[in-house]
Structure formats: C-alpha cells, structure tokens
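Spelled out, the chains give:
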Amino acid sequence: MGKKLLLANDHIPGIQSYDVYRSNGGYLSVEKALKTLKPEDIVEEVKKSGLRGRGGAGFPTGMKWSFLAKPEGVPRYLVCNADESEPGTFKDRYLMSRIPHLLVEGMITSSYALGANTSYIYIRGEYYYVAQILEKAIAEAYQNGWLGQNILGTGYNLDLHVQVGGGAYICGEETALLESLEGKRGNPRIKPPFPAIAGLYGCPTVVNNVETIAAVVPIVNDGGDSYAAIGIGKSTGTKLISASGHIKKPGVYEIEMGITVEEFIYSEAYCGGILNNKKLKAVVAGGSSVPILPADKILTTPAGEKRLMSYESLSEGGFASGTMLGSGGFIVMDEDTSIVENLYTFTRFYHHESCGQCSPCREGTAWMEKLLHKILDGHGTLADVDLLWEIQSKIEGNTICPLGDAAAWPVASAIRHFRSEFESFVSNGNAKHPIN
Amino acid sequence: MEKKEIKFSNEALGLVQKMKSRYPEGKQKSALLPILHLAQAEFDGWLSPEVMDYVAQLLGIQSIEVFEVASFYSMYNLKPVGKCLLEVCRTSSCWLRGANEIVAHLENKLGIKEGETTPDGLFTLKTVECLGSCGTAPMLMCGAQFHENLTTSKVDDMLAKLKAENTRKTYLDKVEVNQY
C-alpha cells in the first residue's frame, strides 16, 4: 500500500470526534499557518505542491488561488464544493463522514491563506446526514477556539457555515453552485468574469473541492515539496478513487498517483479483481463524464506501456484511445455488461440534470435519451446510431458550462469503441434488455 | 382534509433565524434552500403553494422566487408524497449491481408502479439519479437514511420496519451513520 495523506487515520475509532482527531495530530496545520506563516507563504507552498483540483477538472490549485482578486474593503469568500454528484463518485462523502474535522481544518487553513473571514461548505441535499456530521464538527471547532473571533490570539476571524443544496448535479459546476448558494436556480453563469473576480455576491471567491481543501492540511504540515515528491510527473500527491461496479471490493481508496491501472483493479490492496472472476470488459475511469474505454485500452497506452493512475497517463492517446482521471469515479464493467444499456443510464442522467439554459444541451440530451431508448427497445436503425453521433458532436463545445461536454463524451466514446454493440441491437431488431 | 394554519413551530422559527444569520446583511435569500427543506419536513413532506407563499413572506421575497427554486431542484416535492418516500438510485453503478431488480421487487411488494403512492399513504416509490453511494450499490434513500448493499430480503426487512414505525421520514432526521 502506498502512502496515505488524507485517510491515514480513517479507521481510528472515534476519529469523527474532536478529541480523538486532535490527539492524532489534528489542527496542527492551523497552528502552523496562523502562528508562523503569512497567507502568501501558504499559497506558495500549495503552488510548490503541484496540487490539482480534485473535483474533476484538475486545474492547479495554487494558480487558482493566486488569481483571487484582493480589492480593498471587499470581502473574499472560500466556498467548498461538496456537491459530489458525478455518477461513480463518492469519495467526498466518505471523507466528510469519516473525518469531518479534516475538512474543517483544511477550510480554516485555506481561508486564512485566501484572506476570507466567512466561508461556506456547499453540500448536496442528499447528503443531509453528512451536513449534520459537519455541523457537529464545526460546533466543536468553535468550542475549542479554532473558529470565531481572534483565533489562537492572532487576530484572525473566521466563520464557517454549511449550506445544503436541493438536489441538482449542475450545482457541482462552480458558478451554478454560487447561484444556488445565493438562493437561486442552479443556472451556470457566463464566464468571464470568473469567480476569482466576481463570485459569491459579486465578491472575489475561490471554489474548491472537498478533497482539494483536505489536501492543503498535509501540504501545510509537511511542505509543498514533500507533497510534490509523491506521485508521478505533474500528477503529484495522492488521489482518492471511488471504486464501484463489478469488482470484489468496492470502496474509497487513497492511491499514490502513478500506480498501474492493472494493479488498482486486480490487487488485493484495492479492487481485488473482477466480481465472480469474470473478465474485464470496460472501465469508466473518472466519473460518468469521461470517455469509457475497453479493457485493452484502459490497461495499456497506445505506446504499449502499462497505463498508470495519473492525469497524464489516463489521457494518453487523446479521446481516440485515452480518457481522463476526472473525479476519480472508477466504474468497472464485466464481460456480460451491455455498454448500450449502461450508456442509457448515463444519458438519462444528463437529460434529467441539464439545467435547460442552453438549447444544445437541453434538447440534445433529450434526443439522445430517446434514441437510446428506441435502440434498446429494438426499434432502432443504423441511421439512429449515426444520428446519435451527430447530436453529441453538436452539443460538445456549444454550451455555457461543461455539462454539455460531459453528456456528449460518454456517447461519443461508447460509439467509438463499441459500435458493433449498437449495431447488433439495431440489426437483431429485438432488445436484449427491454426497458421498463 | 381540514385546512391547517401554515406556520412554523417556534423551534423551526428559531432555526429559520439561525439560517438567515449565516449570510451577510441583505443576502438572506441565500437561506431559501435550507428553509424549503425545513418547510417540507414541517408540512407533511411537500411544498404546497400556500407553504411556498409562507416561505416567501419569511424571507421578504416574491412567491415566484420561491416557486422557481422549488421547481428546479429534485428534492422538493410539489405534490403530496407518502410518509416514506423511497428514492431508488438507478444510475450506472447501481444499475450494474441490480437496481432494476430492486425497483421491480418494490413495485411487486408495494403493488404500485414507480411514481405512485400506496393507498394507505405510507410509501411513495421514486427512481432517482446517482446519490453518491456507488460503492455500496444498489441503494435507496428514505428520508436522510441511506439503505445500502440492498438485496430483496434486505428490502423486505426495511419495509417491515418502516411499516411498524409508521412515521414520516424527512431529510432532517438524525440517522445512524453508515458503516463502511
């Protein structure tokens, strides 16, 4: 097993409580930051660490932080994106419910680095019970002087609140999240301006994923260089992978970036191999939005090397033969899986979750769902498969936010790599799995 | 049905004040989503037009601002639902691990189709998109409680327990933390 930075203590009994968390080294990053570091020093350490946004986009966190505008007399906000909704992803729920204080600690240290005095954790409504766990942890942090006025006697003030959403995938997009936090529909905003200039209530705002914020804790404790020494190339540190589907041991695993995909799927330390010892058919490696790959392509790069669990290796070959690390939502499918029917569940999802602002996404996702339903029902034609391809290509790149791309890529990759399965549904004229 | 006065309990009103205090002066509309959850829990599990009007008054905003939010998010019910709203996840990972069988079993046991409510008003069956519990698929949510790694016999046990309790489940319920 590799080094663990976030989940090293997740199995200690009582780690949810303040006392146990604190006695296992909790809140040291806040002490170190507030007493010995200037905010800009922390931004520098985060830059050095090479940490990249863990929500899916992989944008360098230190750079995102350095874009934050700092006009005089205007409040700045840090908002934690806990709207984990990408199908196949459940790592943030695990982290928040097992070690809630790690997120609270990360929020305090990061808020100090950004000069925020009020911060929010926006969590999806379906995680209401997790919000209650976080609220308890926050109350304990207030009681013990880590939040509130004049923290550790340094003059730094911070209030931290949890905001619960109403059930909408789109609110994981940062500007939709901010709209929702302002009490509105989650319609993404047109960028620019980016949140770093005009975010929450029009003020400069940083939005970071739960895992990203948590990673700031070891970065501040051990230094950015120490974090960057773990991993491979530009994929530094560790990554939480949510493993699900046809594997023996589904769950959340913290991996050192750079282990092979093969090891991750087959090793006892991680997924433990394919359920019922069947053969691997396909993997969606980074949440529903990223291209699906057949077994040979997920295990091996186009250059014939073993593919690694890293941003670069997973995307090697572009979309022709590669995919993305995304959110780390790793969905495994065995040899008996219908790729077309799995795709139908994705497309139905995107149709349901499209906010409706942009026509290509609103109409396109509906058409794709209808066409897939028709094909699965045994009424499709070859022309329908071509039409499906055509529609996804018209959505990609033509919408305000990335949901359009996210809806298009699974369709494109399924047709690219598994066209014969679509054709067999069409030519046989009867559905293997009738839709109810 | 007799008409009930739409007013939060004092305890709920206290929570509303607390929710509003989390945002800067003049930005209290931010509390709308949490207050709608509270309203749904207080007023029989759904948001009637009268309840939405009441929430609008509490925040000093127009009713249409409440409706446009309530109708956007999938957790707000704009029609009455049973005491136990069974929300079965059906997206990829849950589908791969047998969500369709769970839905079929529930339809069979409850004698209703997806989207319907049992005649006694106890259960409403709904299919939903990914609830972030893919590693413990298949799963469903009832109120705040996740029911994970479902099998048909686990579903039977759950239904028997919910029937015996015969109480309304809400997202605000305190629940046992799931084991991993």
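None of these values were measured; they are calculated from a predicted model.

What counts, and where the lines are drawn
Residues numbered from 1 in each chain as written. Chains lettered and ligands numbered in written order. Predicted model: local features only at pLDDT ≥ 70, side-chain atom pairs only at ≥ 80, totals over all residues. Heavy atoms only, no water. Helix = DSSP H or I, 4+ residues; strand = E, 2+ residues; numbered from the N terminus. Rg over C-alpha atoms; globule rule 2.2 N^0.38 Å. Buried < 20%, exposed > 50% of the residue type's maximum accessible area, 1.4 Å probe, protein only. Contact = heavy atoms within 4.5 Å. Areas by Shrake-Rupley, 256 points an atom, 1.4 Å probe, with all protein chains shown as cover. Lys, Arg positive; Asp, Glu negative; His and termini not counted. Charge placed at Lys NZ, Arg CZ, Asp CG, Glu CD. Pairing = 2+ DSSP bridges. Axes fitted to C-alpha atoms, helices over the stretch in contact; angles between N-to-C directions. Domains from an automatic or database assignment. Core = buried A, V, L, I, M, F, W, Y, C linked by side-chain atoms within 4.5 Å. Phe/Tyr/Trp six-rings, centres within 6.5 Å; stacked < 30°, edge-to-face > 60°. Lys NZ or Arg CZ within 6 Å of the ring centre and 35° of its normal. pLDDT = per-residue confidence, 0-100. Buried area = accessible area lost by both parts, 1.4 Å probe. Salt bridge = Lys/Arg side-chain N within 4 Å of Asp/Glu carboxyl O. Polar contact = N/O pair within 3.5 Å; in protein donor to acceptor, adjacent residues only side chain to side chain. Nonpolar A, V, L, I, M, F, W, Y, C, P; charged D, E, K, R; others polar. Parallel < 35°, antiparallel > 145°, perpendicular 65-115°, else oblique.

1. What about the overall build of chain A?
- Tallying secondary structure elements over chain A gives 18 helices and twelve strands in all.
- Its C-alpha atoms give chain A a radius of gyration of 22 Å, within 12% of the compact-globule value 22 Å for 436 residues.
- Counting only C-alpha atoms and orienting by the principal axes, one finds that chain A spans roughly 75 × 45 × 35 Å.
- By the burial criterion, 62% of the 436 residues in chain A qualify as buried.
- Looking at chain A alone, contacts between residues at least 24 apart form 70% of all its contacts between residues at least 6 apart.
- Working note: accessible area of chain A is about 14900 Å², and carbon and sulfur atoms make up 53% of it.
- The centroid of the 40 positive side-chain charges in chain A is displaced by 1 Å from the centroid of its 48 negative side-chain charges.

2. Focus on the sheet that holds strand β10 (residues 280-284) of chain A
Residues and elements named next belong to chain A.
- Within the open sheet, the five strands sit side by side as β9-β8-β12-β10-β11. Their pairing is mixed. Each end of this open sheet is capped by a strand with a single partner; those strands are β9 (251-256) and β11 (292-294). Each strand of the sheet is rotated relative to its neighbour by a mean of 30°, with strand direction disregarded.
- Bridge analysis of strand β8 (residues 238-245) against β9 gives six bridges, and the strand direction is antiparallel. Paired with Leu240 across the bridge in β9 is Glu254.
- Helix α5 (residues 91-98) rests against β8 and β9 of the sheet, and its axis sits at about 115° to β8.

3. Thoughts on the side chain of His246 of chain A
- By the element assignment, His246 of chain A lies in the loop between β8 and β9.
- A residue is classified by how much of its surface remains accessible, and His246 of chain A, at 9% relative accessible area, is buried.
- Look past the residues within four positions of His246 of chain A in its chain and what remains in contact with it is Gly273, Ile274, Leu275, Val332, Met333, Asp334 and Thr337 of chain A together with Leu96 and Arg97 of chain B.

4. As for the domain arrangement of chain B
- We note that the domain assignment places domain 1 (10-72) and domain 2 (84-165) within chain B.
- A straight line from the C-alpha centre of domain 1 of chain B to that of domain 2 of chain B covers 29 Å.

5. A short note on the nonpolar core
- Ranked by internal contacts, the top residues of the largest apolar core, which has 165 residues, are Ile123 of chain A together with Phe8 of chain B.
- Other than its neighbours up to four places away in sequence, Ile123 of chain A contacts Ala82, Asp83, Met96, Val130, Ala131, Leu134, Val162, Gln163, Val164 and Gly165 of chain A.
- Core analysis: the second largest hydrophobic core is formed by 25 residues, Met257, Met309, Tyr311 and Phe330 of chain A among them.

6. With respect to the sheet that holds strand β1 (residues 84-89) of chain B
Residue and element names in this part refer to chain B.
- Reading across the sheet, the four strands line up as β2-β1-β3-β4 and stay open at both edges, with mixed pairing between neighbours. Two strands lie at the open edges of the sheet, namely β2 (123-128) and β4 (145-147), each paired on one side alone. Here the average twist between neighbouring strands, direction ignored, is 25°.
- Sheet topology places β1 next to strand β3 (residues 140-142); three bridges connect them, and they run antiparallel.

7. Comments concerning the packing of aromatic side chains
Residues and elements named next belong to chain A.
- Taken as a whole, this structure holds 22 aromatic pairs over all chains when the rule is applied.
- The interplanar angle of 80° and the centroid separation of 5.3 Å between the aromatic rings of Tyr112 and Tyr156 together place this pair among those described as edge-to-face. Placement of Tyr112 in helix α6 (residues 100-114) and of Tyr156 in strand β4 (residues 156-164) is noted, with a sequence separation of 44 residues between them.
- When its relative accessible area of 12% is taken as the criterion, Tyr112 is described as buried.
- Using a relative accessible area of 9% as the deciding quantity, one classes Tyr156 as buried.
- Ring geometry for Phe264 against Tyr270: centres 5.4 Å apart, planes inclined by 40°, an arrangement best described as tilted. We note that Phe264, like Tyr270, is buried.
- If you follow Arg52 out to its NZ or CZ, it ends over the ring of Tyr311, 4.0 Å from the centre.
- For the cation-ring pair, Arg124 lies above Tyr127, with the distance from its terminal atom to the ring centre recorded as 5.3 Å.

8. Focus: the confidence of the model for chain B
- Predicted confidence across chain B gives a mean pLDDT of 95, with 96% of residues reaching 70 or more.
- Reported confidence for the predicted complex is 0.96 by ipTM and 0.96 by pTM.

9. A few points about the interface of chain A and chain B
- Listed per partner, the contact involves 63 residues of chain A and 46 residues of chain B.
- In total, chain A and chain B occlude about 4400 Å² of area from one another, counting both sides; carbon and sulfur atoms represent 57% of this.
- Of all residues in chain A, Tyr128, Tyr129 and Arg185 of chain A give up the largest surface area on contact with chain B, accounting jointly for 15% of the area buried on that side.
- There are three salt bridges connecting chain A and chain B.
- The residue Arg93 of chain A makes a salt bridge to Glu148 of chain B at a minimum N-O spacing of 3.2 Å.
- If you look at where chain A meets chain B, you find 27 residue pairs in polar contact (both at pLDDT 80 or more).
- Looking at the side of chain A that touches chain B, the elements with two or more residues in it are α5, β2 (118-123), α7 (128-143), β4, α8 (174-181), β8, β12 (329-334) and α15 (339-353) of chain A.
- With eight residues, α15 of chain A is the single largest residue contributor to the side of chain A that touches chain B.
- Class assignment for the residues of the side of chain A that touches chain B results in 27 nonpolar, 24 polar and twelve charged.

10. Regarding the side chain of Arg124 of chain A
- Relative to the assigned elements, Arg124 of chain A resides in the loop between β2 and α7.
- Within polar-contact distance, the side chain of Arg124 of chain A engages the side chain of Glu126 of chain A at 3.0 Å.
- Residues within four places of Arg124 of chain A in sequence aside, it is in contact with Ala82, Asp83, Glu84, Ser85 and Gly165 of chain A together with Cys130, Leu131 and Gly132 of chain B.

11. Here we look at the environment of Thr236 of chain A
Residues and elements named next belong to chain A.
- By the secondary structure assignment, Thr236 is in strand β7 (residues 235-236).
- As a C-alpha pair, Thr236 and Asp225 span eleven residues in sequence and 10.0 Å in three-dimensional space.
- With near-sequence residues (within four places) excluded, Thr236 lies in contact with Ser49, Gly50, Leu51, Arg54, Tyr227, Ala228, Ile230, Gly231 and Met257.

12. Examining the packing of α5 of chain A against α6 of chain A
Residues and elements named next belong to chain A.
- Contact geometry of α5 with α6 gives a least axis separation of 4 Å together with a crossing angle of 95°. Of the possible angle classes, the one that applies to α5 and α6 is roughly perpendicular. In this structure, α5 contributes Leu95, Met96, Ser97 and Arg98 to the contact, and α6 contributes Pro100, Leu102 and Leu103.

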